[in-house]
Amino acid sequence: MSWMGKLIGGAIGFVLGGPLGAVAGATFGHAFDISEDQYFSGENRVLSSGETSQLAFFVAAFSMLAKLAKVDGQISEKEIDSIRSIMVKDIKLDTQGQNIAIQIFNAAIQSPEPFSEFAAQFFKQFQTQPQLLELMIDILFRVSLADGRMNQQEEMLILEAVRIFRFHPDAYKRIKTRYVDDFQKYYAILNCEQTDSNEQIKKQYRKLVFEYHPDKIASKGLPEEFMKFANDKFREIQEAYDKIRKERGI
């Protein structure tokens, strides 16, 4: 993770601004405490645009997860365990990365800014990349269901992100249906209806395979540690189409 190395290694001439910048500042401390002279003298190491996107995604993801975990007033051991599991199994963070993610998580918990402000800044950063917006909604779903159920307060926050990200209500329903254990979820994964024709389903499948191919997602600035989520999404699309194809005899 090159951006993390730059932040830890010394001062850097970039500030996210807004609530994400405040959380990043609390996490990295001196890395954001530089003078204008240092910035223009080249003594600092500046993030590239790609690294900036990776930093924004990383900080926003763990900040929103912190607010989601805290929404019912307390953070349970199960929630902490589920987030640690995601860090290790899904994101595959090394020890250094886990420690930084935890610091971001804790800083966001202490932040006076509401979930909506973090979601709004995330949308501003990635509004032209709908795949990353949907991936963030998917991550929120997975964490909220880590203990086997989603409470009303958690769903209200996710719905807030859906509104801020300008998702159509039908798109949200399709995402939610992915987590229902019946055949309808396969159509939801492909953003299709059971009444759609074979040709419509084939066309949508090809479109999603193109949009969510791991190489294409990686080029959009997703941190490499989050690529497992993207790979899982790609496999889900393939599995869903395979299930529907076999059922329909396509």
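Scoring rules and cut-offs
Residues numbered from 1 in each chain as written. Predicted model: local features only at pLDDT ≥ 70, side-chain atom pairs only at ≥ 80, totals over all residues. Heavy atoms only, no water. Core = buried A, V, L, I, M, F, W, Y, C linked by side-chain atoms within 4.5 Å. Buried < 20%, exposed > 50% of the residue type's maximum accessible area, 1.4 Å probe, protein only. Helix = DSSP H or I, 4+ residues; strand = E, 2+ residues; numbered from the N terminus. Contact = heavy atoms within 4.5 Å. 1 Å grid on protein atoms, 1.4 Å probe; cavity = no way out; pocket = protein on both sides within 12 Å on 5 of 7 lines; lining within 4 Å. Points joined across faces, edges and corners; volume = space filled by probe spheres on them. Nonpolar A, V, L, I, M, F, W, Y, C, P; charged D, E, K, R; others polar. Salt bridge = Lys/Arg side-chain N within 4 Å of Asp/Glu carboxyl O. Expected span 1.5 Å × (residues − 1). Polar contact = N/O pair within 3.5 Å; in protein donor to acceptor, adjacent residues only side chain to side chain. pLDDT = per-residue confidence, 0-100. Axes fitted to C-alpha atoms, helices over the stretch in contact; angles between N-to-C directions. Parallel < 35°, antiparallel > 145°, perpendicular 65-115°, else oblique.

## Description of the nonpolar core
Counting residues in hydrophobic clusters, the biggest one holds 74 residues, and the most contacted among them are F57, F62, F165, L190 and F226. By residue number, the principal contributor to this core is helix 4 (residues 49-70), which donates 13 residues. Residues contacting L190, with those up to four places away along its chain left out, are I201, Q204, Y205, L208, I237, A240, Y241 and I244.

## Considerations on empty space enclosed by the protein
The full count for this structure, using the stated rule, is two cavities of 30 Å³ or more. Roughly 50 Å³ of internal volume is contained in the largest cavity. What lines the largest cavity is simply Q131, E134, L135, D138, R142, R178, Y212, F229, K233 and E236. Counting residues per element, the ones that place at least two in the lining of the largest cavity are helix 8 (130-144) and helix 14 (227-248). Partitioning the lining of the largest cavity into residue classes produces three nonpolar, one polar and six charged. As a volume, the second largest cavity reaches approximately 40 Å³. Q131, L132, L135, Y212, I217, A230 and K233 together form the lining of the second largest cavity. The set of elements that each furnish at least two residues to the lining of the second largest cavity consists of helix 8 and helix 14.

## Quick look at unusual backbone geometry
In the Ramachandran plot, R166 falls in the positive-phi region, its phi being about 65° despite a non-glycine side chain. Note that R166 resides in the loop between helix 9 (152-164) and helix 10 (169-177). Backbone geometry at N191 places phi at a positive 55°, although glycine is not the residue there. Secondary-structure assignment places N191 in the loop between helix 11 (184-189) and helix 12 (198-211). The partly exposed category is assigned to N191, whose relative accessible area is 25%.

## Section: the pattern of salt bridges
Counting across every chain of the model gives eleven salt bridges. Close ionic contact of K233 with E134 constitutes a salt bridge, the shortest N to O distance being 3.1 Å. Pair noted here: K233 is in helix 14 and E134 is in helix 8, with a separation of 99 residues, a long-range link. In this structure K233 comes out as buried when scored by relative accessible area, which is 6%. Here E155 ties to K176 by a salt bridge, and the two come within 2.8 Å at their closest N and O atoms. Placement of the pair is E155 in helix 9 and K176 in helix 10, with a sequence separation of 21 residues. Residue classification places K176 among the partly exposed residues on the basis of a relative accessible area of 35%. Among the ionic contacts, a cluster of salt bridges with common partners joins D138, R142, K228, D232, R235 and E236.

## A few points about helix 8
In an α-helix, one turn spans 3.6 residues, which is why side chains three or four residues apart end up on the same side. If you check helix 8, its first and last C-alpha atoms are 21 Å apart, about what 15 residues at 1.5 Å a residue would give, namely 21 Å. Counting buried positions along helix 8 gives 14 out of 15 residues, so the element sits mostly inside the fold.

## Overview of the side chain of S144
You can see S144 is positioned in helix 8. Its relative accessible area of 1% is what places S144 among the buried residues. A distance of 2.8 Å separates the side chain of S144 from the backbone oxygen of F141, its partner in a polar contact. Each residue touching S144, except ones within four places of it in the same chain, is listed here: L68, R149, M150, E154 and I158.

## Section: the confidence of the model for the chain
It should be kept in mind that the predicted coordinates are not to be read in detail where pLDDT is low. Scored by pLDDT, the chain comes out at a mean of 80, with 84% of its residues at no less than 70. Predicted confidence in the chain is weakest over helix 3 (residues 36-41), with a mean pLDDT of 37, and strongest over helix 7 (residues 115-126), with 94. When the criterion is pLDDT under 50, residues 9-14 qualifies, and its contacts beyond four places in sequence or with other chains add up to 24 contacts.

## With respect to the packing of helix 5 (residues 77-90) against helix 14
In the contact formed by helix 5 and helix 14, the axes pass within 9 Å of each other and the chain directions differ by 80°. Here helix 5 lies roughly perpendicular to helix 14, going by the angle between them. Side by side, helix 5 and helix 14 meet where I86, K89 and D90 of the first sit next to K228, F229 and D232 of the second.

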